[in-house]
Amino acid sequence: MIKRRETLPVRVGELIVGNQNPIWVQSMTNTQTEDVVSTIAQIKKLEEAGCEIVRLAVLNIEAARGLAQIKKAIKIPLVADIHYDYRIALKCVENGVDKLRINPGNIGSIERIKAVVDACKDKSVPIRIGVNGGSLEKEILEKYRRPTAEAMVESALKHIDILEKLHFDQIIVSLKASDVVQTVEAYRLLSSRVQYPLHLGITEAGTMRHGIIKSSMGIGSMLLDGIGDTLRVSLTEDPVEEVKAAKGILSGLAIRRFGIEFVSCPTCGRCQYDMIDIAKAVELKLGDCKLPITVAIMGCPVNGPGEAREADLGIAGGKDHAVLFKKGVAIRKIATADIMDTLEQEIRALEEGRIT
Ligand code: SF4
């Protein structure tokens, strides 16, 4: 059982982040934000995939103006990512955004920072401080010579201090770097210093395969430490894949369940049927099912029954026949050719609450 770190609760739209609430799945659009139609279409696909908070880059006032229309068309909280320009931040808050990602130290004069903080207080909009290892302040880089975990934490504390001096505590922090070890060290260090919720991610993690491996190691390590209240898997891919990967990390650690958890063996010389193709086909066909059950597909009658018995539905394959297990009990023999159809029937029956 993972013991979550205690944090202050921070409201983001309808969701509460931190304070033992679910660890929310986040992603980011890659459309031009001012192209409102394409941005809404992408957010709807993300919602369908299970994205719970969406961020978009707001580069200019025109994009900020479009947020009101985007906000009306979507269901999940909307986060505006702004660099430097406080007028854009003010326009985003005015247009109903649920959270700002902006680093107060980069806005400019204290009057400008105060204007943004006052607008956020007025509309109950939290601020995420997003420290990125690749864009640390000049003076911090000079002090540490390179973007170390300590340097990232010092940068985060500096931004936090600015907000706290303005009596603002609706803060979420992220400390992303592309180096997994550095990122994990930075989050561990910061989590011992502040009580704000943390948004997790390994930035610029790469294309699908490499990005998922790096993100799983980094985000997974932090989650096991009880650190993290929202997460994004950054991938050079369609952002829908980020959502699937984030859900996979959370369900892989049994932190949240989003649907069927598939268990299958790698096969070996004992396997006497085409198990790899069957397992892939079952996952493809039933992967979208929301039923929170475990389905095991195993290759042989030697080691297969143990795992199949542990699952809600399990298959222990043989040469021409397999054994179907339900809740730990061997139910019947089925032809290996019927594995796919049998599992689908059983799962559909469970979805409909029927007894088979
Ligand atoms: Fe091999 Fe059987 Fe283990 Fe699969 S379950 S890897 S077939 S021993």
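Scroll up for the structure.
As the structure is a computational prediction, the values presented were derived from the model and not from experiment. (Residues numbered from 1 in each chain as written. Predicted model: local features only at pLDDT ≥ 70, side-chain atom pairs only at ≥ 80, totals over all residues. Heavy atoms only, no water.)

J.: Describe the environment of D238, naming the residues involved and giving the relevant values.
T.: Within the fold, D238 resides in the loop between β10 (230-231) and α9 (239-252). The class for D238 is partly exposed, based on a relative accessible area of 38%. Spatially, the C-alpha atom of D238 lies 39 Å from that of I334, the residues being 96 residues apart in sequence. In this structure the side chain of D238 is engaged in a polar contact, spanning 2.9 Å, whose partner is the backbone nitrogen of V240. (Helix = DSSP H or I, 4+ residues; strand = E, 2+ residues; numbered from the N terminus. Buried < 20%, exposed > 50% of the residue type's maximum accessible area, 1.4 Å probe, protein only. Polar contact = N/O pair within 3.5 Å; in protein donor to acceptor, adjacent residues only side chain to side chain.)

J.: Residues and numbers for the side chain of N132, please.
T.: Inspection of the secondary structure puts N132 in strand β7 (residues 127-132). At a separation of 2.9 Å, a polar atom in the side chain of N132 contacts the main-chain amide nitrogen of G134. Aside from chain neighbours lying at most four places away, what touches N132 is K176, T203 and E204. (Contact = heavy atoms within 4.5 Å.)

J.: Account for the site of the ligand, with residues named and values stated.
T.: Close contacts around the ligand come from C265, P266, T267, C268, R270, C271, M298, G299, C300, N303 and G304, and that covers them all. Per-class residue counts for the shell around the ligand are 6 nonpolar, 4 polar and 1 charged. (Near = heavy atom within 4 Å. Nonpolar A, V, L, I, M, F, W, Y, C, P; charged D, E, K, R; others polar.)

J.: Please provide a residue-by-residue account of the sheet that holds strand β14 (residues 321-326), values included.
T.: Strands sit in the order β11-β12-β13-β14-β15 across an open sheet of 5 strands; the sheet is mixed. Each end of this open sheet is capped by a strand with a single partner; those strands are β11 (261-264) and β15 (329-335). In this sheet, adjacent strand axes meet at a mean angle of 20 degrees when their direction is disregarded. Relative to β14, strand β13 (residues 313-317) is paired through 5 bridges, and the arrangement is antiparallel. Considered in β14, the bridge of G314 is made with F325. Sitting on the sheet, helix α10 (residues 275-286) touches β11 and β12 (294-298), and the angle it makes with β11 is about 180 degrees. (Pairing = 2+ DSSP bridges. Axes fitted to C-alpha atoms, helices over the stretch in contact; angles between N-to-C directions.)

J.: Let's hear about the nonpolar core: which residues, and what values?
T.: Judged by nonpolar contacts, the single largest core of 78 residues is most densely connected at V58, C92 and L100. Tallying contributions element by element places helix α6 (residues 149-165) first for this core, with 8 residues. Filtering out sequence-adjacent residues up to four positions away, L100 remains in contact with V79, A80, I82, A89, C92, V93, V116, C120, V125, P126, I127 and R128. Residues L286, V295, I297 and L313 belong to the second largest nonpolar core, which totals 22 residues. (Core = buried A, V, L, I, M, F, W, Y, C linked by side-chain atoms within 4.5 Å.)

J.: Describe the layout of surface pockets, and please don't skip the residues or the numbers.
T.: Looking at the largest pocket, its volume works out to about 800 Å³. In terms of lining, the largest pocket is formed by 21 residues, of which the most central are K244, K247, E283, G287 and D288. Listed by contribution, the elements that provide at least two residues to the lining of the largest pocket are α1 (36-49), α9, β11 and α10. Among the residues forming the lining of the largest pocket, the class breakdown is 7 nonpolar, 5 polar and 9 charged. By volume, the second largest pocket amounts to about 390 Å³. Forming the boundary of the second largest pocket are 25 residues, of which M28, R55, T203, R232 and S234 lie nearest the centre. (1 Å grid on protein atoms, 1.4 Å probe; cavity = no way out; pocket = protein on both sides within 12 Å on 5 of 7 lines; lining within 4 Å. Points joined across faces, edges and corners; volume = space filled by probe spheres on them.)

J.: An account of α9 is requested, with residue identities and associated values reported.
T.: The end-to-end C-alpha separation of α9 is 20 Å, in line with the 20 Å expected for 14 residues at 1.5 Å each. By the burial criterion, the buried members of α9 are P239, V240, E242, V243, A245, A246, K247, I249, L250 and S251. At its buried positions, α9 is contacted by β3 (24-28), α1, α8 (208-224), β10 and β11. Just past α9, the residue A254 takes up positive phi, approximately 55 degrees. (Expected span 1.5 Å × (residues − 1).)

J.: Lay out the packing of helix α7 (residues 180-191) against α8 in plain terms, naming residues and giving numbers.
T.: At their nearest, the axes of α7 and α8 sit 10 Å apart, and the two run at 20 degrees to each other. Put simply, α7 runs roughly parallel to α8. The way α7 lies across α8 gives a crossing that is right-handed. Contacts between α7 and α8 pair V180, T183, V184, Y187 and R188 from the former with K214, M217, G218, S221 and M222 from the latter. Grouping the constituent residues of the contact of α7 with α8 by class yields 5 nonpolar, 3 polar and 2 charged. (Parallel < 35°, antiparallel > 145°, perpendicular 65-115°, else oblique. Left-handed = near helix turned anticlockwise from the far one by under 90°.)

J.: How would you explain the pattern of salt bridges if you had to name every residue and give the values?
T.: For the structure on display, the rule yields 23 salt bridges. Residue E346 pairs with K326 through a salt bridge whose shortest N-O separation is 3.0 Å. Taken together, the residues span a long stretch of sequence, with E346 in helix α12 (residues 339-352) and K326 in strand β14 at a distance of 20 residues. Accessibility expressed as a relative area gives 4% for E346, which makes it buried. We classify K326 as partly exposed; its relative accessible area is 22%. (Salt bridge = Lys/Arg side-chain N within 4 Å of Asp/Glu carboxyl O.)

Purely geometric stuff here, so don't read any function into it on its own.
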